[in-house]
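Residues per chain, in single letters:
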Amino acid sequence: MVEEEGFRRYVAHIILWIGIAVVAFPVYIAFVASTQDNALIANGQMSLLPGGHFFETYYQTIFVGTSGSTREPVGNMMLNSLVMALLIAVGKIAISIISAYAIVYFRFPFRMPIFWIIFITLMLPVEVRIYPTYKIVADLHMLDSYAGLALPLIASATATLLFRQFFMTVPDELLEASRIDGAGPLRFFWDTLLPLSRTNMAALFVILFILGWNQYLWPLLITTRDDMQTIQIGIRKMITTTDALTEWPIVMATAVLAMLPPVFVVVVMQKLFVRGLVETEK
Amino acid sequence: MQKQAIFQSKLLPYVLVAPQLAIVLIFFYWPALQAVIQSFLLQDAFGLSTTFVWFDNYIELFKDPAYFESVVRTFFFSFAIAVLSLSFALLLAVMADKPLRGSMLYRTLLIWPYAVAPPVVGVLWIFMLHPSLGVLARYLRALGIDWNPLLDGDQAATLIILAAAWKQISYNFLFFLAGLQAIPKSVLEAAAIDGARPMRRFWTVTFPLLSPTIFFLLVVNIVYAFFDTFGIIDTMTRGGPGTSTVTLVYKVYSDGLLGGNLGSSAAQSVILMIMVIVLTGIQFRFVERKVTY
């Protein structure tokens, strides 16, 4: 073991706490602002300690929303974000795991071309093809719908590659064994492969849920109705009006609410999160 | 590498790949193809007729000083964000890698900003540094700095770089920490026995062994700065003041939306696609190297 002297350890602790402070400060300020009076904030007189408007502000944010810019309770926006995030995560895992299964466990004509067709999508995020994608979604009458929000974001190969890699490491003996037991391809998939993939699916789910919840550009383009807004879009609209009219405590309460679910997932499912992050980047 | 044990079935594999194939073809290939086609077309002002104009849209772009400026700006932003975020994250990771009490707690407290969405990051930072009501802006003015990112383009750019780098710290920290933990302790012990002081050990042993991680993170950070900064920019500055924070992705968005110039927007999309493919290509070549390394 390389010796660490006491002094160096203290320095390490101090640097880490400074890092944590830097990382947490903007969020602390947001929380403090969400508990204070708007007039005070607008005058630039905001205090650095929490105020007394916590319940009032959060109640109004979740159930009523801002009076001017969004006309929609943030609770409803959170529901939209949740549905979108779940659809993206579950949808992507479902279609990816079965296509990876086909590509690994079957030999069929055009197997490799199909693999490459899926693989290439890895390279291009939705941002580089937004308007043509918008047009297609519009032509399919999917604007302002959950399907329109989720489907274009499902069209990428990360999960397929991950499952393919994992299936390659599953020993062949398992398949031989279940074949002797008389299991067909679907039984083998359901009874053997799926249970084995549980951790991978969970790790992937955590990452995809966070990515889905945090989507911005795509929902911004395709949602026009107030009741289809996601929370990220809601925040942006709240600060659209001239600064004087911005209801800062509500904006900040919305920011806090927007962070809560994904941050909760990262902290509580830290092991799965780290695993998912490392695996999807491979 | 291929599986030896497989199933025989004519129809089933096609049924299994069909959903993904359909979604990818409809929502990925078709729009990408449309973008390429559109980039060769010119639409009249009313959208009634289109003419095939070869590379005119591209030539227009390359002649446009505003486009050139946004290319330079995007690369500058990427570089600044990557350097700032990587160096801070590396410092924290080196500290957290030491055998300290509470190191798991430190990790938890440092990784959660990964989950904060870009538009939220934008709102948090503009609020702290808002010229009239920002908490930090007060102190800047007290220091005699004429702080107003809503009017001053350089200050707006600084704000975006800071906010974007802040968000990326946690991601970089996590990968640096994993990279550091993968370095065999015996190598560091050997250096210590040879009499190398901690600082020297870091620069001559740790840093070179970490270079694959650094390179990987550099590419990831650049791609992040290209795309994920959109939400930050859109909530903080809307590309302004003037065009001082318009990046390439922001320009694709605003030219297509406000200007209605779809041909040019499509050409910009295609150029972006090529850039990302090159970046990903570099990343893949590097991953290959890491496997054999």
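Each remark here, short or long, concerns the structure printed above.
Basis of the calculations
- Residues numbered from 1 in each chain as written.
- Chains lettered and ligands numbered in written order.
- Predicted model: local features only at pLDDT ≥ 70, side-chain atom pairs only at ≥ 80, totals over all residues.
- Helix = DSSP H or I, 4+ residues; strand = E, 2+ residues; numbered from the N terminus.
- Buried ≥ 20, exposed ≤ 12 C-beta atoms within 10 Å, placed from the backbone.
- Contact = placed C-beta atoms within 7 Å.
- Core = buried A, V, L, I, M, F, W, Y, C linked by C-beta atoms within 7 Å.
- Axes fitted to C-alpha atoms, helices over the stretch in contact; angles between N-to-C directions.
- Parallel < 35°, antiparallel > 145°, perpendicular 65-115°, else oblique.
- Left-handed = near helix turned anticlockwise from the far one by under 90°.
- Nonpolar A, V, L, I, M, F, W, Y, C, P; charged D, E, K, R; others polar.

Q: I'd love a proper account of the overall build of chain A, names of residues and values included.
A: Looking only at helices and strands, one finds 15 helices and zero strands in chain A. Principal-axis analysis of the C-alpha atoms places the extent of chain A at approximately 75 × 65 × 35 Å. A buried classification covers 47% of the 282 residues belonging to chain A. Partitioning the contacts of chain A with sequence separation of at least 6, the portion at a separation of at least 24 is 73%.

Q: Give me the nonpolar core: which residues, what numbers.
A: Counting 161 residues, the largest nonpolar core has Y101 and A255 of chain A together with V120, I160 and F173 of chain B as its most contacted members. Top contributing element to this core by residue count: helix α4 (residues 74-105) of chain A, with 17 residues. When neighbours within four sequence positions are excluded, I160 of chain B is seen to be in contact with F77, T229, I232, I233, M236, T237 and T245 of chain B.

Q: Kindly report on the packing of helix α1 (residues 6-34) of chain A against helix α3 (residues 65-96) of chain B, identifying the contributing residues and their values.
A: Helix packing for two helices is described by the angle between their axes and how far apart those axes are. At a minimum axis separation of 9 Å, α1 of chain A and α3 of chain B run at an interaxial angle of 135 degrees. As the angle between them shows, α1 of chain A and α3 of chain B are arranged oblique. Judged by the twist between their axes, the crossing of α1 of chain A over α3 of chain B is left-handed. Contacts from A12, I15, L16 and G19 of chain A of α1 of chain A reach α3 of chain B at L91, L92, M95 and A96 of chain B. Classifying every residue of the contact of α1 of chain A with α3 of chain B by side-chain character gives seven nonpolar, one polar and no charged.

Q: Outline unusual backbone geometry, supporting the account with residue identities and numerical values.
A: Residue and element names in this part refer to chain A. Within the chain, F110 stands out as a residue other than glycine whose phi angle is a positive 70 degrees. Exposure remark for F110: the 11 C-beta atoms within 10 Å place this residue in the exposed category. The phi dihedral of H141 falls on the positive side, at around 55 degrees, and the residue is not glycine. Structurally, H141 is set in the loop between α6 (130-139) and α7 (146-154). Residue H141 is classed as exposed on the basis of its C-beta count, with 10 C-beta atoms lying within 10 Å.

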